[in-house]
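Fold and contact review
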Amino acid sequence: MFSLTVRRNFMIAHSLPRPAFGPAQGLHGATFVTEVTFRRRTLNEDAIVLDIGEAGDVLDAILAELNYKNLDEHPDFAGKLSTTEALAQYIADAVAAKIRGGRDGQALAGIDVTLRETPDAWASYSLEFDAG
């Protein structure tokens, strides 16, 4: 399996209004290092997984909709908890929707999204694509 990873940062504000989240129940900020890994079983005709610039542009477009936003007010998170895990899934689904329509996107085996809140804590979500 081959992979290509691009990395970006984004900042959000949100609250997690459940007792399980302790002090994070109140409004607070978070900065995430976002890593998206694209996977392919075989390289394309240009001997790459995906164009790095295209991968970065797709991630930039998705994160632009989240960066410096209060997710408590974001329509896509209405009535939902914006945990790190939920954000990883949201980003993976959005990346998949944008990338799968391209020439090389059809041949991807899947993507992995990792959100790092600190050097010591992160969450990931993996999305597998059907072959063919």
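All values derive from a computational prediction rather than experimental measurement.

With respect to the overall build of the protein
- Counting secondary structure elements, the protein contains two helices and five strands.
- Secondary structure elements of the protein, listed N to C terminal, follow the sequence β-β-α-β-α-β-β.
- Over its C-alpha trace the protein gives a radius of gyration of 16 Å, about what one expects of a compact globule, namely 14 Å for 132 residues.
- On the principal axes, the C-alpha backbone points of the protein span a range of 50 × 30 × 25 Å.
- Counting only residues that meet the buried cut, the protein has 40% of its 132 residues in that class.
- Per element, the accessible surface of the protein, about 7,200 Å² overall, is 51% carbon and sulfur.
- Computed over 12 positive and 19 negative side-chain charges, the separation of the two mean positions in the protein equals 2 Å.

Some thoughts on the nonpolar core
- In terms of nonpolar packing, the biggest core is built from 31 residues, with Phe-38 and Ile-91 touching the most fellow members.
- Counting only elements with at least two residues in this core, the list comes to β1 (2-14), β2 (28-40), α1 (52-64), α2 (84-99) and β4 (110-118).
- The element best represented in this core is α2, accounting for seven residues.
- In this view, Phe-38 contacts Phe-2, Ser-3, Leu-4, Val-6, Val-49, Leu-50, Ala-55, Val-95, Ile-99, Leu-108, Gly-110 and Ile-111; residues no more than four positions away in its chain are not counted.

A closer look at the packing of aromatic side chains
- Using the criterion set out here, one finds two aromatic pairs in the structure.
- Note on Phe-77 and Tyr-90: the rings are 4.8 Å apart at their centroids and 45° apart in plane angle, and the pair reads as tilted. One end of the pair, Phe-77, is in the loop between β3 (69-70) and α2; the other, Tyr-90, is in helix α2, with 13 residues separating them in the sequence.
- Phe-77 gets classed as buried once you look at its relative accessible area, which sits at 5%.
- Accessibility expressed as a relative area gives 23% for Tyr-90, which makes it partly exposed.
- The ring of Trp-122 carries Arg-116 above its face, with NZ or CZ at 4.5 Å from the centroid.

Structural notes on the pairing of β2
- With 13 bridges joining them, β1 and β2 adopt antiparallel strand pairing. Note that in β2 the partner of Ala-13 across the bridge is Gly-29.
- Judged from the seven bridges that link them, β2 and β4 form a sheet pairing that is antiparallel. Considered in β4, the bridge of Arg-39 is made with Gly-110.

Rules used in this analysis
Residues numbered from 1 in each chain as written. Predicted model: local features only at pLDDT ≥ 70, side-chain atom pairs only at ≥ 80, totals over all residues. Heavy atoms only, no water. Helix = DSSP H or I, 4+ residues; strand = E, 2+ residues; numbered from the N terminus. Rg over C-alpha atoms; globule rule 2.2 N^0.38 Å. Buried < 20%, exposed > 50% of the residue type's maximum accessible area, 1.4 Å probe, protein only. Areas by Shrake-Rupley, 256 points an atom, 1.4 Å probe, with all protein chains shown as cover. Lys, Arg positive; Asp, Glu negative; His and termini not counted. Charge placed at Lys NZ, Arg CZ, Asp CG, Glu CD. Core = buried A, V, L, I, M, F, W, Y, C linked by side-chain atoms within 4.5 Å. Contact = heavy atoms within 4.5 Å. Phe/Tyr/Trp six-rings, centres within 6.5 Å; stacked < 30°, edge-to-face > 60°. Lys NZ or Arg CZ within 6 Å of the ring centre and 35° of its normal. Pairing = 2+ DSSP bridges.

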